[in-house]
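Take a look at the letters that make up each chain.
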Amino acid sequence: MRANVSSHDLKVSDHKHHLHPFTDHGALEIDERRVITRADGVWLWDTDGNRMLDGMAGLWCVNVGHGRQEIVEAVRAQMSELSYYNTFFKTTHPPVIELSSVLADLAPDNINMVMYAGSGSEANDTILRLVRTYWALQGQPAKKVVISRKNAYHGSTLAGASLGGMGPMHSQGGLPIPDIHHIDQPYWFGEGMMTGMSEDEFGLWAARELDRAIETIGEENVAAFIAEPIQGAGGVIVPPSTYWPEVKRILERRDILFISDEVICGFGRTGEWFGSGYYDLKPDLMTIAKGLTSGYLPMGGVLVSDEIAEVLHRKGVEFFHGYTYSGHPACCAAALTNLAIIKREGLIARVRDHIGPYFQKRWKALEDHPLVGEARMIGLFGALELVPDENKLMKRFDNVGNAGIITRDHSLRNGLVMRAVRDSLIISPPLSITEEEVDHLVATARKTLDDAWEDIRRQRLA
Ligand SMILES: *Cc1c(COP(=O)(O)O)cnc(C)c1O
């Protein structure tokens, strides 16, 4: 396809006609964009002849790695048998039946039903309507408020962005929508360290923010608490070890639902099937997407507890909600094959026991670099917090985001895709990454830090 079109011409055409997500178009030079044409395993190729290590697994989603022909074949076979049919009017089809049962097996014991969506954002839209509908059906229509956290990411739709706690997203389009309340996040390096509390104390304090919010809003008005077990897009924020046990205690005492947004944490990222499993949490609802299909086709969903499903199964009750592509057969085929690969190759145990610890040890070693204030990693996702002064751990860069972008750009030039969040770098590679590829990744990250450190000092940012 388009073999005769030059790399530059492709970029010009992209510049003219393509509005990109989350992009400052005025600042994006035509030739700065990368045109990715091919991917295999953890590797990407672009039209300028570069090979890059995909340290972000696409966008946190390609858990089994790129180029799995087995998934391509399964989708092809499904498409030729039944490319599309809906699941609305008393109809269903074999792939959606099979996938639902597979997901019910993987989910915690009290969760046995799935409602499908096209993405994580759509799934969280479903959840917002679902929790309010659930309480209304229970005779408590006042229970509408959903408590979330600042700097959470739950998607880009109206409900997703409102549930999320991203300031810049709220500043556009009149968000958040009503009855969503954001409490502080358990971000030790970014916010806790400066409070004078110990890490453990800060974890307890942040957890008790939930209890204080419920008290202020009134338990009779609160529908649910939504959280990512580990915040992904917010910067791979691993909470202090006291945080989740305390939140769990609070949730046990309070009559509200708990929504675990597993869009990144799910399907092996933490070395367990779900992030809530990693922290031994008991969600009523779980948001899934990304790793569900490893991004081969778009799909999201909501895992629903028996308690909620039972209310929805009452005679005369109908949840007026659904998407044309809910449970799309080709996406189900992609998900089924993807999950079969994760199981057959033991990718979850591999992350927990082998490649996870192997990577974590080498990642942690980057902390000796003068530019790095903290290197953290759980399972196979982590962050490097960049600081301007190795001797002053609490010191931060003046223009937040600058050092992050400079370092990220060096990383791309060095052939490693990492993402910048404020002044940190994020990594989340395919779960299939090998030891040699981890060694290559860490060596490239170290070279990147050296290059960036030089650049940052030359520009007198540190
Ligand atoms: C990516 C993400 C979403 C949104 O998923 P989309 O498929 O992009 O709509 C929701 N929650 C979390 C935690 C995510 O990382």
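Scroll up for the structure.
Each chain has its residues counted from 1, following the order in which its sequence is written. Side-chain atom pairs in this predicted model are given and counted only at pLDDT of 80 or more, local residue features only at pLDDT of at least 70, and totals for whole chains, interfaces and linings cover all residues. Derived side-chain values reflect all non-hydrogen atoms in the structure, with water molecules and hydrogen atoms excluded from consideration.

Trainee: Just checking my understanding: could you explain the overall build of the protein for this structure?
Mentor: For helices the rule is a DSSP run of H or I covering at least 4 residues; for strands it is a run of E covering at least 2, with both sets numbered from the N terminus onward. Assigned secondary structure in the protein consists of 16 helices and 14 strands. In terms of overall dimensions, the protein has C-alpha extents of about 70 × 60 × 45 Å along its principal axes. Only protein chains enter the calculation, and the probe is 1.4 Å; a residue is then buried if its accessible area is under 20% of its type maximum, exposed if over 50%, and partly exposed in between. For the protein, the proportion of its 462 residues judged to be buried stands at 55%. Of all intrachain contacts in the protein linking residues separated by at least 6 positions in sequence, the fraction that spans at least 24 positions is 70%. Only heavy atoms enter the contact rule, under which two residues are in contact if any of them lie within 4.5 Å.

Trainee: Mind showing me how you'd approach the site of the ligand here?
Mentor: Each residue is tested against the molecule or strand, and it is near if at least one of its non-hydrogen atoms lies within 4 Å. Taken together, Ser119, Gly120, Ser121, Asn124, Tyr153, His154, Gly155, Glu228, Asp261, Val263, Ile264 and Lys290 make up the full set of residues near the ligand. With respect to the ligand, the side chain of Asp261 contributes an N or O atom lying 2.8 Å from a nitrogen atom. A 1.4 Å probe and the Shrake-Rupley method give the accessible areas. Residues count as covered only by the protein chains that appear here. About the coverage of the ligand: the protein hides 84% of its 380 Å² of free accessible area. Top element by residues in the shell around the ligand is helix α5 (residues 120-137). It accounts for 3 residues. Any N or O atom pair separated by 3.5 Å or less is treated as a polar contact, with the protein-specific requirement of one donor-capable and one acceptor-capable atom, and with residues adjacent in sequence counted only for side-chain atom pairs.

Trainee: Would you mind showing me how to read the sheet that holds strand β3 (residues 51-53) here?
Mentor: Two modes of strand pairing occur in sheets, parallel and antiparallel, and in both the strands are linked by backbone hydrogen bonds. At least two DSSP bridges between two strands are needed for those strands to be called paired. As summarised here, the arrangement of the 3 strands in space is β1-β2-β3, forming an open sheet in which the pairing is antiparallel. At either margin of the open sheet sits one strand with a lone partner, and together these are β1 (36-40) and β3. Strand-to-strand twist across the sheet, computed as the mean angle between neighbouring axes with direction ignored, equals 25°. Of the strand pairs in this sheet, β1 and strand β2 (residues 43-46) are connected by 4 bridges, and their pairing is antiparallel. Considered in β2, the bridge of Ile36 is made with Asp46. Under this scheme, a helix contributes an axis fitted over its contacting stretch, all axes are lines through C-alpha atoms, and angles between N-to-C directions fall in the 0 to 180 degree range.

Trainee: Please explain the side chain of His328 as it appears in this structure.
Mentor: One can find His328 in the loop between α12 (306-312) and α13 (329-344). The class of His328 is buried, set by a relative accessible area of 15%.

Trainee: What exactly am I supposed to notice about the layout of surface pockets here?
Mentor: Empty space among the atoms becomes apparent when a probe as large as a water molecule is rolled across them. Each pocket or cavity is described by its volume, and for the second largest pocket that value is around 890 Å³. Of all the elements in the fold, those that place two or more residues in the lining of the second largest pocket are α4 (94-106), β4 (111-117) and α12. Looking at the lining of the second largest pocket element by element, the count peaks at 4 residues for β4. Gly is placed with the polar residues, together with every amino acid not listed as nonpolar (Ala, Val, Leu, Ile, Met, Phe, Trp, Tyr, Cys and Pro) or charged (Asp, Glu, Lys and Arg). Across the lining of the second largest pocket, the residue classes break down as 13 nonpolar, 8 polar and 1 charged. Here a cavity denotes a set of grid points, spaced 1 Å apart and computed over the protein atoms alone, in which a 1.4 Å probe fits but from which it cannot get out, and a pocket denotes an open set meeting protein on both sides within 12 Å along at least five of seven lines; residues with an atom within 4 Å of a point are reported as lining. Grid points are joined across faces, edges and corners, and a volume is the space filled by probe spheres set on the points.

Trainee: What is the right way to look at a nonpolar patch on the surface in this model?
Mentor: Each patch groups residues whose relative accessible area exceeds 30% and which form no salt bridge, using 9 Å between like charges and 5 Å between nonpolar side chains of Val, Leu, Ile, Met, Phe, Trp and Tyr. Any Lys or Arg side-chain nitrogen found within 4 Å of a carboxyl oxygen on Asp or Glu counts as a salt bridge. A contiguous nonpolar patch, built from Tyr84, Tyr85 and Tyr325 and spanning about 330 Å² of accessible area, is present on the exposed surface. Note on placement: Tyr325 falls in the loop between α12 and α13.

Trainee: I'm lost on a negative patch on the surface in this one. Help?
Mentor: Counting rule applied: Lys, Arg positive; Asp, Glu negative; His and chain ends not counted. For this purpose, a charge sits on NZ of Lys, CZ of Arg, CG of Asp or CD of Glu. The grouping of Asp255, Asp306, Glu307 and Glu310 at the surface amounts to a negative patch. By the element assignment, Asp306 lies in helix α12. We classify Asp306 as partly exposed; its relative accessible area is 36%.

Trainee: Even after reading the chapter, I still don't get the packing of aromatic side chains, so can you show me in this structure?
Mentor: For this analysis, a ring pair means two rings from Phe, Tyr or Trp (six-membered ring only for Trp) whose centres lie within 6.5 Å, classed as stacked if their planes differ by under 30 degrees, edge-to-face if by over 60, and tilted for the remaining angles. As enumerated under the stated definition, the model contains 13 aromatic pairs in all. Note on Tyr243 and Trp244: the rings are 5.2 Å apart at their centroids and 80° apart in plane angle, and the pair reads as edge-to-face. When sorted by exposure, Tyr243 lands in the same class as Trp244, which is buried. Taken together, a centroid distance of 4.9 Å and an interplanar angle of 85° make the contact between Tyr278 and Tyr279 edge-to-face. You can call Tyr279 buried: its relative accessible area is 18%.

Trainee: Got a minute to help me understand the environment of Leu137 in this structure?
Mentor: Tracing the sequence through the fold places Leu137 in helix α5. Those residues in contact with Leu137 that sit more than four places away from it in its chain are Val311, Leu312, Arg314 and Val317.

Trainee: Help me understand the sheet that holds strand β6 (residues 180-183) in this model?
Mentor: An order of β4-β10-β9-β8-β7-β5-β6 is seen for the 7 strands of this open sheet, with the pairing classed as mixed. The sheet terminates laterally at β4 and β6, the two strands that pair on one side only. On average, adjacent strands in this sheet sit at an angle of 20° to one another, irrespective of strand direction. Relative to strand β9 (residues 285-288), strand β8 (residues 257-261) runs parallel, the two being bridged by 3 bridges.

Trainee: In this structure, what is going on with the pairing of strand β5 (residues 145-149)? I would like to understand it.
Mentor: The side chains of a regular strand alternate, first on one face of the sheet and then on the other. Most of β5 sits inside the fold, with 5 of its 5 residues counted as buried. In β5, alternate side chains face the same way, and those of Val145, Ile147 and Arg149 on one face and Val146 and Ser148 on the other are all buried. Relative to strand β7 (residues 222-227), β5 is paired through 3 bridges, and the arrangement is parallel. Directly across from Val145, in β7, lies its bridge partner Val222. Bridging between β5 and β6 involves 4 bridges; their strand directions are parallel. Bridging from a neighbouring strand, Ser148 pairs with His182 of β6.

Trainee: What's the story with helix α15 (residues 402-413) in this structure? I'm lost.
Mentor: Residues separated by three or four positions in an α-helix point in the same direction, a consequence of the helix having 3.6 residues per turn. In a regular helix each residue adds 1.5 Å, so 12 residues correspond to 16 Å; α15 covers 17 Å between its end C-alpha atoms and thus fits that length. All of the buried residues in α15 are Ala403, Gly404, Ile406, Thr407, His410, Ser411 and Leu412. Next to the buried residues of α15 lie β12 (381-386), β13 (419-421), β14 (424-427) and α16 (435-458). Just beyond α15, the residue with positive phi is Gly415, at close to 90°. In a helix, the anticipated span is given by 1.5 Å times the number of residues less one.

Trainee: So what exactly am I meant to see when it comes to the nonpolar core here?
Mentor: A general trend in soluble globular proteins is that nonpolar side chains are found buried together. The nonpolar core is taken to be a set of buried Ala, Val, Leu, Ile, Met, Phe, Trp, Tyr and Cys residues, with the residues joined through side-chain atoms within 4.5 Å. By size, the foremost hydrophobic cluster in this structure holds 64 residues, and its most contacted members are Leu99, Leu103, Phe267, Leu303, Phe359 and Trp363. The greatest single-element share of this core, amounting to 9 residues, is contributed by α13. Residues within four places of Leu303 in sequence aside, it is in contact with Leu103, Ala107, Ile111, Met113, Val114, Phe274, Asp284, Leu285, Met286 and Ile288. Of all hydrophobic cores here, the second largest spans 37 residues; its members include Leu210, Ala227, Tyr279 and Ala383.

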